[in-house]
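Listed below are the residues making up each chain.
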Amino acid sequence: MTAAAMTIAPAAAEPLLRVRDLKVGFSTGSGTLLAVRGIDLDVSRGGVLGIVGESGSGKSLSMLAALGLQARNAVVSGSVHFDSQQLVGRQRKHMRSLLGSRIGMIFQDPLSSLNPVMTVGDQIREVLFLHDRRLTGKGATARVLDLLELVAIPQADRRINQYPHEFSGGMRQRVMIAMAIANDPELLVADEPTTALDVTVQAQIMRMLRELKEKLGLALILITHDLGVVAGHADRVAVVYAGQVVEEAEVHDLFADPRHPYTRGLIASIPKLTATGSKLYSIPGAPPRLGAYPEGCAFHPRCIHAQDICRTTAPPTMAFGGHRSACHFADRLPPWDRGNEAERQGQNG
Amino acid sequence: MLNYIMRRAVAMPFILLGIVTLAFLLTTITKGDPLTAIVSERQMNNPEIVAAAKARWGLDRSLPERYVIYVANLVTGDMGTSFVTRRPVSRDIAARLPATLELVIAAMAIGSTTGILLGLLAAYYRDSVIDQTARLFSLFGSSVPIFWLGLALLFVFSVHYHLLPGPGRLDARLTPPPSLTGFMVVDTLLAGNPAAFKDALLHLILPSLVLGWTVAGSISRIVRANMLEIMEREFILTARAKGAGELRVVFRHALRNILVPVLTVLGYTFAYLITGAVLTEAVFGWPGIGSYAVIAARSLDFPAIIGVTIVGGMMFLITNLLTDIAYVFANPRVRLN
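Note that the structure is a prediction, hence the values are computed from the model and not measured.

Asker: Can you walk me through the domain arrangement of chain A in this structure?
Answerer: One frequently used descriptor of interface size is the decrease in accessible area upon assembly of the parts. Residue and element names in this part refer to chain A. Per the domain assignment, the segments of chain A are domain 1 (15-238) and domain 2 (257-271 + 296-349). Taking the mean C-alpha position of each, domain 1 and domain 2 sit 31 Å from one another. At the junction of the two partners, domain 1 supplies seven residues and domain 2 supplies eight residues. When domain 1 packs against domain 2, close to 560 Å² is buried across both sides, 48% of that on carbon and sulfur atoms.

Written as structure tokens, this is what we have:
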């Protein structure tokens, strides 16, 4: 290794986004209800982090709060460093210079995420003008056409003057992507980017995101409830339950050797094409309501491995190399076998 | 779309005919005798004079006859002659309508600006002190009677502090400008009389403030309710995620999405005020169409009553059509379908 390469190495190791002990609460008449209860996450430059969890687990909320986009009555604490700048507690004005330029976002439903009374072209132009005051109208239009071409929208010069309702679901999501990458961001946060789309379109959008990631060298945060999406596209995965990260690992390690019963349940509930006739598995019970978290481990009422300690004591996070799990029995769970897991959980649950 | 507007425009005369017919029939079921407006009480006992008056005003003819004659005249722009002023109703209205329009336009400018701004503020700072204050202000405007509010403001600003002039459109000591548009503010300007212009403008302030305040309430309520809903929508989050500032989020992204309901209430309010400004006109001695209608109604001046009804109805029709056209620009989905 040359000297030059060695000096670059530490900088490259510094994560692009580092989240530590992020908490998001909502103040109500009877105190603050925590929806995100201390989340740690790292996203490396050019990496893909999948954040998996059921709806209401706090996975979307944690990322919105990290970027200062939470609802006004939300209270955020902890630290979020983007390229070594602390974001929590930053003034809105400073956040605005990052959002839409160095950090792009796309959301679940592209129809409701686009402004219905503005043309698609105007909406993309807006994000360009917001971050480049010297841009000319002509220059912006040329850039919009490039972007539409980049996300493979045909007849861009005609489409630019159309409204969102004149686009199909997949095309709308492409518009959202074009808008999110308009200013060459370093980080793209995709919140359930394919959930509202047809299955065939889902694959196209995911392929496009991956291609753009390679082409533009951006880091990607993929928030989803779909482990299948994560398996195919993420480098690392964080599993979120009841506002906490319960397990985090390289994607291969997570699927090969899940160390948290919740993750095991999630993987077991992925439908398999080969298992014809068998009943589709689902984790028994339901996730806790906001603020009504069980004592000890939040997952224990639904866990087949739960012991007394799980009902009283919150589990510590155990690390096995780059693999972390917040379970009292992370090192003692039975060997992982996906086929048996469903059966076992089915019997006991 | 053009097709739709054309169809609406074609339908307008028929709706107008309906209004005329209804207004005409309503006058026949009133208990009062219009002759009392024409013939003095003493002469009522003189059958010759009564018969002459009846013949002179066409009251001796049957109802269908009168109706046909009226409509035939109306087509040529003739609305009959007022029993009271003894002038053509159309000329009376033409003389008074601009005064009302001037007042209503000024009131709408004040009322819609404050109403929209208050509604936006109340929605943006929902449930805060700002919201409560804005709502109280609106509630006050729409619940306090105009005759009280008008008199109170007149007392404070005109009588007590002499900051603003009293009732009327122009100081009696000033010579009114030749009536070109009928709008005092415009006519004084056209006449090149800055002193009169300033006086006309000052005269306009209090009545339009009172009238504007009363409509600001309903406008701000509509704006607030619609904004609350729109601000929860996902494209607002998208706008923020693009790095847009809050002013841009509210005015460029949210407000544009509530233009249709806002235009609806603005259009309706404007049309309503044309005849609904009567109390303000009464308090401020404003020679508009509202006070004309009151005089007409009190003296059973049927031609004038029907005339005012037609003008009021026409104002509604025109405003409705204009609102419909405005929708097209406010909502791209209407434009295409």
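Asker: Explanation requested: empty space enclosed by the protein in the structure shown.
Answerer: Take a probe with the size of a water molecule and roll it over the atoms, and the empty space left behind shows itself. Applying the stated criterion to the full structure yields four cavities of 30 Å³ or more. Of the pockets and cavities examined, the largest cavity occupies roughly 80 Å³. For the largest cavity, the full set of lining residues is His260, Pro261, Cys297, Phe299, His300, Cys303, His305, Cys310, Pro315, Cys327, His328 and Phe329 of chain A. Its residues assigned to classes, the lining of the largest cavity shows eight nonpolar, four polar and no charged. Considered as a void within the structure, the second largest cavity measures approximately 60 Å³ in volume. Forming the walls of the second largest cavity are Gly100, Gly104, Met105, Val127, Met176, Met179 and Ala180 of chain A together with Thr238, Ala241 and Lys242 of chain B. Of all the elements in the fold, those that place two or more residues in the lining of the second largest cavity are strand S6 (103-106) and helix H8 (169-180) of chain A together with helix H10 (234-241) of chain B. Ranked by the residues each element gives to the lining of the second largest cavity, the list is headed by H8 of chain A, at three residues. Its residues assigned to classes, the lining of the second largest cavity comprises six nonpolar, three polar and one charged.

Asker: What exactly am I supposed to notice about the confidence of the model for chain A here?
Answerer: Regions with low pLDDT should not have their predicted coordinates read in detail. All names here are of chain A. When pLDDT is averaged along chain A, the result is 89; 92% of the residues meet or exceed 70. When mean pLDDT is compared element by element in chain A, strand S3 (residues 48-52) scores highest at 97, while helix H1 (residues 3-13) scores lowest at 46. When the criterion is pLDDT under 50, residues 1-12 qualifies, and its contacts beyond four places in sequence or with other chains add up to one contact.

Asker: Whenever I open this one, the packing of aromatic side chains confuses me. Can you help?
Answerer: What characterises a pair of aromatic rings is the spacing of the ring centres plus the angle enclosed by the ring planes. Taken as a whole and judged by the stated rule, the model has 10 aromatic pairs over all chains. Among the aromatic residues, ring-to-ring pairing joins Tyr241, Tyr262 and Phe299 of chain A into one connected group. The positively charged end of Arg159 of chain A is found above the aromatic ring belonging to Phe167 of chain A, 4.2 Å away from the centroid. The ring of Trp57 of chain B carries the charged tip of Arg56 of chain B above its face, separated from the ring centre by 4.4 Å.

Asker: Help me understand the sheet that holds strand S2 (residues 31-43) of chain A in this model?
Answerer: Across a sheet, strands are paired by hydrogen bonds formed along the backbone, either parallel or antiparallel in direction. Residues and elements named next belong to chain A. Strand order in the open sheet made by the four strands is S2-S1-S4-S5, with antiparallel pairing throughout. Of all the strands in the sheet, the pair left with one neighbour each is S2 and strand S5 (85-86). In this sheet, strand S4 (residues 74-82) lies alongside strand S1 (residues 17-28) in antiparallel orientation, the contact comprising eight bridges. In the strand pairing of S4, Phe26 is matched with Ala74. Each of S1, S2 and S4 touches helix H2 (residues 59-66); the most contacted strand, S1, lies at about 105° to it.

Asker: How should helix H3 (residues 47-57) of chain B be read in this particular structure?
Answerer: Because each turn of an α-helix spans 3.6 residues, side chains separated by three or four positions end up pointing in the same direction. All names here are of chain B. Along H3, the positions that sit buried rather than exposed are Val50, Ala53 and Trp57. Down the axis, H3 shows its buried residues gathered within 65° of arc, on one side only. Seen from the buried face of H3, the exposed residues on the opposite side, beyond 90 degrees, are Pro47, Glu48 and Arg56. At its buried positions, H3 is contacted by helix H2 (35-38). Regarding H3, its N-cap is Asn46, as a side-chain oxygen of that residue lies 3.1 Å from the backbone nitrogen of Glu48 further along. Looking one or two residues past H3, Gly58 carries a phi angle of roughly 75°, positive in sign.

Asker: I keep staring at the interface of chain A and chain B and nothing clicks. Help me out?
Answerer: Contacts between the two partners involve 28 residues from chain A and, on the opposite side, 23 residues from chain B. Of the roughly 2400 Å² buried between chain A and chain B, counting both surfaces, carbon and sulfur atoms make up 56%. Sorting the residues of chain A by area buried against chain B places Pro116, Val117 and Glu126 of chain A first, and these three jointly supply 22% of that buried surface. Seen at the junction of chain A and chain B, the total is three salt bridges. Arg248 of chain B is the salt-bridge partner of Glu126 of chain A, the closest N and O atoms lying 2.7 Å from each other. Across the contact surface, chain A and chain B share 13 residue pairs in polar contact (both at pLDDT 80 or more). Counting only elements with at least two residues in the side of chain A that touches chain B, the list comes to helix H3 (92-98), S6, helix H4 (110-113), helix H5 (120-131) and H8 of chain A. Counting residues per element, the side of chain A that touches chain B draws most heavily on H5 of chain A, at five residues. Within the side of chain A that touches chain B, the residues separate by chemical class into 15 nonpolar, seven polar and six charged.

Parameters at a glance
Residues numbered from 1 in each chain as written. Chains lettered and ligands numbered in written order. Predicted model: local features only at pLDDT ≥ 70, side-chain atom pairs only at ≥ 80, totals over all residues. Heavy atoms only, no water. Domains from an automatic or database assignment. Contact = heavy atoms within 4.5 Å. Buried area = accessible area lost by both parts, 1.4 Å probe. 1 Å grid on protein atoms, 1.4 Å probe; cavity = no way out; pocket = protein on both sides within 12 Å on 5 of 7 lines; lining within 4 Å. Points joined across faces, edges and corners; volume = space filled by probe spheres on them. Nonpolar A, V, L, I, M, F, W, Y, C, P; charged D, E, K, R; others polar. Helix = DSSP H or I, 4+ residues; strand = E, 2+ residues; numbered from the N terminus. pLDDT = per-residue confidence, 0-100. Phe/Tyr/Trp six-rings, centres within 6.5 Å; stacked < 30°, edge-to-face > 60°. Lys NZ or Arg CZ within 6 Å of the ring centre and 35° of its normal. Pairing = 2+ DSSP bridges. Axes fitted to C-alpha atoms, helices over the stretch in contact; angles between N-to-C directions. Buried < 20%, exposed > 50% of the residue type's maximum accessible area, 1.4 Å probe, protein only. Arc of directions from axis to C-beta. Polar contact = N/O pair within 3.5 Å; in protein donor to acceptor, adjacent residues only side chain to side chain. Salt bridge = Lys/Arg side-chain N within 4 Å of Asp/Glu carboxyl O.

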